[in-house]
Each structure stands twice: as C-alpha cells, then as structure tokens.
Amino acid sequence: MQERIPGSPDAAIFPPNGPTLHAWRTAYLSGTLTPGTALPGLLKRLDPSDPAWISIVSESDLRKQVLHLEKLAAEAGIGSLPLYGVPFAIKDNIDAKGMVTTAACPAYAYTAGEDATVVAKLKAAGAILLGKTNLDQFATGLVGSRSPYGAVPNSFKPDYISGGSSSGSGSVVARGLVAFSLGTDTAGSGRVPAAFNNLVGLKPTRGALSAQGVVPACKSLDCVSIFALTVEDAEAVYAVALGFDAEDGYSRKIPQKSGAVRFPAKPVFAVPAEPRWFGDKLGEAAFNEALARLESLGITIKPMDFSPMHELASLLYNGPWVAERLTVIEAFLATNADDVHPVVRGIIEKGRNFSAVDTYRAEYRRMDLARKINATFAQCDALLVPSAPTFPTIAEVLADPVESNSRLGTYTNFVNLADCSALALPAGFREDGLPFGITLVAPAWHDAALAAFGKIWTKHLALPLGATGEPFPETDSTLPPAPAKDTIRIAVVGAHLSGMPLNGQLTERGSTFVETTRTSSAYRLYALPGTTPPKPGLIRTGTGAPIVVELWDMPVSEFGGFVALIPPPLGIGTLELIDGREVKGFLCESHVRESAADITALGGWRAFMNSRP
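Predicted model, so just to flag it, every value in this text is computed and none were measured.

## Here's the deal with helix 12 (residues 356–375)
Logical step 1: End to end, helix 12 covers 29 Å across 20 residues, agreeing with the expected 28 Å (1.5 Å per residue, within 8%).
Logical step 2: If you check which residues of helix 12 are buried, you get Ala 362, Arg 366, Leu 369, Ala 370 and Ile 373. The buried residues of helix 12 occupy one face: seen down the axis, they fall within an arc of 110°. Facing away from the buried side of helix 12 by more than 90 degrees, the exposed set consists of Tyr 360, Arg 361, Tyr 364 and Arg 371.
Logical step 3: Tucked into the core, helix 12 has its buried residues touching helix 9 (307–318), helix 10 (321–336), strand 11 (382–386) and helix 15 (414–417).
Logical step 4: Where helix 12 starts, the residue carrying a side-chain oxygen 3.3 Å from the main-chain nitrogen of Val 357 turns out to be Ser 355.

Pasting the structure below:
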C-alpha cells in the first residue's frame, strides 16, 4: 500500500506541516501548493490495488473538480470556501455523482446520478473528492474484513483488523492520503476504525448530517460520520456538513444554542463499574492509563452500572433491527443471494424471524432503556468507554466472525439506539504498539461539548497524527496563566494585532501580550468595506472555521477608555477559543455580511493582508 512517508521529498504534493485539513489550507493560502499541481501528484500516489480503496477518481474527473473549484474561487472568493482544495474520501455506500456505488457488493452496484447531500455540501465548500473506500458489505460489521474487495489491514500492524464497517475511510486518513473522510455509523462504524488507527471519529447526533444519498444499513439509526487527524479538522468538516435536509425523513433541525453547550471546567465522566475486556489485558491496561491521565486533568471518574447499556446494545443484532437491514436488500437477496457475503447474508436474513409484534415489543424496551441511559446524565456529564474492548487479528476474525464482531460492539452498539452523540479519541498506545482509543458519549446535540473537550484531551496527549508519524500540530499542552489581578484578557483579531496599525492602542495602555491562538470554528471573518485602517469583522454564525487571534491582558482601569474607541459595527463581546476557553474580544454586528467579503478560509486577518496585491 502506498503511504504518506514522513519527511518525504514530495514537497509539491503534501503540505510541509503535515496532512491535516488546516495544513492543506495553509499551504494553499501561502502559495506553497496549488490544487492544480498538488492534487494530480497525490492522485498518482494512490494505488488501485490498495484494499482501502474501491474506486479512485480518474485524472479527467479530478481535472473537472479543480476547474470547478477555480471557478467557485473566482466567483465567490477563496474566503467563502472553508475546505478549499482539501482532499477527502467517502465510504462506498455514499453517493458521488458519476461514480459507482457498490456498498462492497459488485452485483449491487449502480452509478449515482447525484451527490449525497453531505458530499454536495463538502464540494461546495471547496473539498476535492479523491475516491471511495472499502467497507464491511452493506455496512454490516465492525471488523473491516467482510468485503469481496479484501480485508483492510490495520495501518500500524497489517496482521490486525482496521475496524469496520468504515474500514477504508479510517485507513486512508490514518496514512495521510486524504485530510478527512466520511464513514457511516449505525453500531460503531465511525468509532471502532478511529480507535484502531489512532484517529478522531466524530459520530454526530442522529439526523444532524443528512443521510440522503446513503445506502442505509438501519435507516432509523444511521449517521454519517467523520474521520480526521485532529478534533479541529473533524469539527470544521462537521460545520460544513451540518444542516436540516427536507429530502431526508430522519433529518433533524439543530436546536438553538446547542453549539454553545459545554461541559463544566471539571466534568464528571461515568465509566463501567465492571468493564468487559474478554481477556484483553493490554486493552484494560491502556484504559486504566487513560483514566489516570484524565484524573490528572481534574476530571472525576465515576464507576456506574452499565447493565442498561449492555442490554440495549444486544438488541441491535439480536432484535428486529436486523429486519430493518433486510428492508434495504430484500429484493436483491431474492435474486442475488450468492453475491452477498455469507456472514452478512446470515445476519440480515435473521430479519425474517421477527414479527410486527416482536418489533413493537423491542421498540418499547428500547425506549425504556434509552430513558434510563439518558437519565444517567443527571449524575455525570458524559459516559467514558473504551472504543473497543478487544483488538483481534484478521485471522482471528475470519476464524470466528460473529463472536469477534459482537465483542467489538460492546460499548458502541447502544449509542444510536439511545439517541446519543459520541466522539472517539486517540488515547495512546498499548504495550504491543497498537493504538488504543476512548469514546465519550453524551446526550443528543452535545456534539460541540464533546469537541471542546476532545481538543483539550488531544492537545494534552499530543500524539503523532494517525499512522503518518507526523507530530501533533500543537505540542504545547499547557495553557497560559490566568489574567493577572486587575486585568482583563482581550482577544484581538484585526488591526490591533502585533505590528498592525492600531496595536499601539493596546501597548500605550500598558497591555501585555499573552499568546497567539485561534477561536472555535463557530466564527466567520469578513473584510469590512471602507474602513481606515482596514479592519475585519468577526461574526459568530455557529458554522465557520478557527480564526487566528492574539490575547492581551489590559489593566481594568484602561478598559473603558479602550472600548470607547471602538467604532460600529464593531464591539466587545465574549469569544470562544479553540480549546474551550472564553475571553472578551472583538465581535461584529451580523448585518455587515451583506456588504463585506467573507475571508474565513484564510484563517486570519494577517493572512488576508499578506494576500493582497
């Protein structure tokens, strides 16, 4: 398999600062790379025999995408394209216009007439699709070995599984071949591959991302998921893909203010009082080490009875939800049974054994158990579980395909049935060198709270990115000290930055520089017309990208006089930073969007000023 080689001389193909979404965008904006030169070179590196891929875009299709990207940039400006030129992949049960969708079953294949809604959104934001990835057939499995296109090997040790069903999507991100990928998650398919490949796996609230154009597994439970190398990248993709879709019957409108939900400064995480490890001592040791690290950050770990979670998890494959899988391919099975993987066929055909009465009884039990599980959040802020309790080899899975798969779903199968959000996070490495992952589970619409904590956790660990060997982009895990007594910490975003025309308004008031950081991805940045000196406007829209800011500590006695100098439509409000902190800072009235240029994709005011002729 072709991999991204750390420190390789492919300067014309890969960003110099790593394979993250942020690194790709920075390389483009600085002129280090261009989509028209980097992406064709990257495409040539992709190996069609690599079992992570089912199909790779042609050179002509890539050329069409790049030309369309250039047209978008010319019409709307790069600032309106937060994913400008960023390469990505999608699981091959998700439609891309003009490409074949197989769901890992060649006899089922069809050519998609339209992009899935999420794919269309990502392309409209500037992302470039490089290919479609392998999966457990019809998204039925957590192992990544139930495919006629081959088992996808683990990106660290090829004798081990990659995890499924989104096996290929995890692999190509872990190796830095794309900046992010889409998977799907019904029983844990967006979380197990993340854990097994040292990745972030974002499983959103059900219905937050449209599933229109996705071959369903269990339509009432399915989620489109996101694999990325950092939480920041996953959050940026989520912000683009998020939104209600009237064409998807299970799509849901995001509640107001859900993006502002956060855990307390010292949260309480509930863990299984009697965790199930199935004899995997290395996984158990890695989990205990992660718990110790969390406690060192001031987090309270609270053992809790997980009986309701385990009972609900068992319903997914031992209850009538397998009949929901049957609804998808029942007609296909009638004529092409031999074309379906025997293990997958055996699971799905169990759906014929459940009556309508069985289904209602199971649904009643699901609701009772889901209520109990969600009631536990009155005692904790989130559930903390191992993403998977075992880590089998490919040979072990092939020898015992059903039981080994069942064990992997111990801490994942219940989540969608209980209507929870979840975030899989890297948590270090086991003694045998394999990655280990944890998953935080929270109520629906706590996606932003999970991401905010995930950024703190991953910055604390600062693990290498995926399997690339590239260092974590922000290795400093310490936060700057709290503001000194009688000072106010202020975030400046434009003309008050160091070296900019109005920075003297800070220094002449005795303000001291603290650090350069970024906002959360809830903001968009605009270049205000007709301002002297030129100024930007930072607006909280809920969906945007991290924006570079500087933090300064200003004496309280000087704060009032400083605020009096700020002209409309600017003002001072409360800003959320990328690590979850909140500080005072410059904000702008939202009406300016009608006349101002959106420069969000540039990532900050200094980059915009440097890009001007």
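The structure having been displayed, the exposition proceeds.
## Some thoughts on the confidence of the model for the protein chain
Logical step 1: Summary statistics for the protein chain give a mean pLDDT of 93 and a share of 96% for residues scoring 70 or more.
Logical step 2: Low pLDDT, under 50, characterises residues 4–9; the stretch is placed with 16 contacts to residues that sit more than four places away or in other chains.

## Topic: the packing of helix 4 (residues 117–124) against helix 7 (residues 231–241)
Logical step 1: Contact pair helix 4 / helix 7: the axes reach a minimum separation of 9 Å and the direction vectors enclose 110°. With respect to helix 7, the element helix 4 is oriented roughly perpendicular. For the pair helix 4 and helix 7, the contacting residues are Val 118, Lys 121 and Leu 122 in the first and Val 237, Val 240 and Ala 241 in the second.

## Quick look at the sheet that holds strand 21 (residues 597–598)
In any sheet, the strands associate via hydrogen bonds between backbone groups, in a parallel or an antiparallel arrangement.
Logical step 1: The strand order across the open sheet formed by 3 strands is 17-16-21, and the pairing between neighbours is antiparallel. Each end of this open sheet is capped by a strand with a single partner; those strands are strand 17 (536–540) and strand 21.
Logical step 2: Relative to strand 21, strand 16 (residues 523–527) is paired through 2 bridges, and the arrangement is antiparallel. Residue pairing for strand 21: Tyr 526 is matched across the bridge by Asp 598.

## Digging into the state of the cysteines
Logical step 1: Scanning all chains against the criterion turns up 0 disulfides.
Logical step 2: Looking at the unpaired Cys 223, the closest cysteine sulfur is the one in Cys 420, lying at 11 Å.

## Description of the packing of helix 7 against helix 16 (residues 447–461)
Logical step 1: Relative to each other, helix 7 and helix 16 sit at 155°, their axes nearing to 9 Å. When the interaxial angle is binned, helix 7 and helix 16 end up roughly antiparallel. Between helix 7 and helix 16, the residues in contact are Val 231, Glu 232, Glu 235 and Tyr 238 and Asp 447, Ala 451, Gly 454, Lys 455 and Thr 458, respectively.
Logical step 2: Of the residues belonging to the contact of helix 7 with helix 16, the class tally is 3 nonpolar, 2 polar and 4 charged.

## What about the packing of aromatic side chains?
Logical step 1: All chains considered together, the criterion is met by 18 aromatic pairs.
Logical step 2: Judged by centre distance (5.9 Å) and plane angle (40°), the rings of Trp 24 and Tyr 28 are tilted. Of this pair, Trp 24 and Tyr 28 both sit in helix 1 (residues 21–30), 4 residues apart, which is roughly one turn of that helix. Each member of the pair Trp 24 and Tyr 28 is classed as buried.
Logical step 3: A centroid spacing of 3.8 Å and a plane angle of 15° characterise the contact between Phe 196 and Phe 391, whose relative ring orientation is stacked. Placement of Phe 196 in helix 6 (residues 192–196) and of Phe 391 in the loop between strand 11 and helix 13 (394–399) is noted, with a sequence separation of 195 residues between them.
Logical step 4: By relative accessible area, which is 2% here, Phe 196 ends up buried.
Logical step 5: On the accessibility criterion, Phe 391 (7% relative accessible area) is buried.
Logical step 6: Taken together through their ring pairs, the aromatic side chains of Tyr 108, Tyr 110, Phe 138 and Phe 332 make up a single cluster.

## Digging into the pattern of salt bridges
Oppositely charged side chains can form a pair if their charged atoms are brought close together.
Logical step 1: Enumeration according to the criterion identifies 21 salt bridges in this entry.
Logical step 2: Here Arg 430 ties to Asp 280 by a salt bridge, and the two come within 3.0 Å at their closest N and O atoms. Highlighted residues: Arg 430 in the loop between strand 12 (420–429) and strand 13 (435–443) and Asp 280 in the loop between strand 9 (268–272) and helix 8 (281–296), separated in sequence by 150 residues.
Logical step 3: For Arg 430, a relative accessible area of 9% corresponds to the buried category.
Logical step 4: For Asp 280, a relative accessible area of 13% corresponds to the buried category.

## Re helix 14 (residues 401–408)
Logical step 1: When helix 14 is considered as a whole, its buried residues turn out to be Ser 404, Asn 405 and Leu 408. Taken end-on, helix 14 shows its buried residues confined to a sector of 100°, consistent with a single buried face.
Logical step 2: Tucked into the core, helix 14 has its buried residues touching helix 6 and helix 13.

## Re the sheet that holds strand 7 (residues 200–203)
Logical step 1: With mixed pairing, the 11 strands of this open sheet are ordered in space as 1-5-2-6-8-7-12-13-11-9-10. Across the chains shown, the open sheet's two edge strands, defined by having one partner strand only, are strand 1 (53–56) and strand 10 (300–304). Taken pair by pair, the neighbouring strands of this sheet meet at an average axis angle of 25°, ignoring direction.
Logical step 2: Examined bridge by bridge, strand 9 and strand 11 share 2 bridges and lie parallel to one another. Residue pairing for strand 11: Phe 269 is matched across the bridge by Ala 382.

## A few points about the environment of Ile 54
Logical step 1: Structurally, Ile 54 can be placed in strand 1.
Logical step 2: Separated by 50 residues in the primary sequence, Ile 54 and Ala 104 place their C-alpha atoms 7.8 Å from one another.
Logical step 3: Leaving out residues up to four positions away in the same chain, Ile 54 has contacts with Asp 92, Thr 102, Ala 104, Lys 132, Thr 133, Asn 134, Leu 135 and Tyr 149.

## Looking at the environment of Gly 319
Logical step 1: The topology assignment puts Gly 319 in the loop between helix 9 and helix 10.
Logical step 2: Taking the C-alpha atoms as reference points, Gly 319 and Ser 595, separated by 276 residues in sequence, lie 56 Å from one another.
Logical step 3: Leaving out residues up to four positions away in the same chain, Gly 319 has contacts with Ser 314 and Phe 354.

## Some details on the nonpolar core
Logical step 1: Ranked by internal contacts, the top residues of the largest apolar core, which has 100 residues, are Trp 24, Phe 180 and Leu 384.
Logical step 2: For this core, the element with the highest residue contribution is helix 7, accounting for 7 residues.
Logical step 3: Not counting residues up to four positions away in its chain, the partners in contact with Leu 384 are Phe 269, Ala 270, Val 271, Pro 272, Phe 287, Leu 291, Leu 294, Ile 301, Ile 438, Thr 439 and Leu 440.
Logical step 4: In this structure, Tyr 523, Ile 539, Ile 599 and Leu 602 belong to the second largest nonpolar core, which totals 36 residues.

## Overview of the side chain of Arg 581
Logical step 1: Mapped onto the fold, Arg 581 is located in the loop between strand 19 (570–576) and strand 20 (582–588).
Logical step 2: Residue class for Arg 581 comes out buried when judged on its relative accessible area of 18%.
Logical step 3: One polar contact links Arg 581 to Glu 515, side chain to side chain, over a distance of 2.6 Å.

Calculation rules
Residues numbered from 1 in each chain as written. Predicted model: local features only at pLDDT ≥ 70, side-chain atom pairs only at ≥ 80, totals over all residues. Heavy atoms only, no water. Helix = DSSP H or I, 4+ residues; strand = E, 2+ residues; numbered from the N terminus. Expected span 1.5 Å × (residues − 1). Buried < 20%, exposed > 50% of the residue type's maximum accessible area, 1.4 Å probe, protein only. Arc of directions from axis to C-beta. Contact = heavy atoms within 4.5 Å. Polar contact = N/O pair within 3.5 Å; in protein donor to acceptor, adjacent residues only side chain to side chain. pLDDT = per-residue confidence, 0-100. Axes fitted to C-alpha atoms, helices over the stretch in contact; angles between N-to-C directions. Parallel < 35°, antiparallel > 145°, perpendicular 65-115°, else oblique. Pairing = 2+ DSSP bridges. Disulfide = S-S within 2.5 Å. Nonpolar A, V, L, I, M, F, W, Y, C, P; charged D, E, K, R; others polar. Phe/Tyr/Trp six-rings, centres within 6.5 Å; stacked < 30°, edge-to-face > 60°. Salt bridge = Lys/Arg side-chain N within 4 Å of Asp/Glu carboxyl O. Core = buried A, V, L, I, M, F, W, Y, C linked by side-chain atoms within 4.5 Å.

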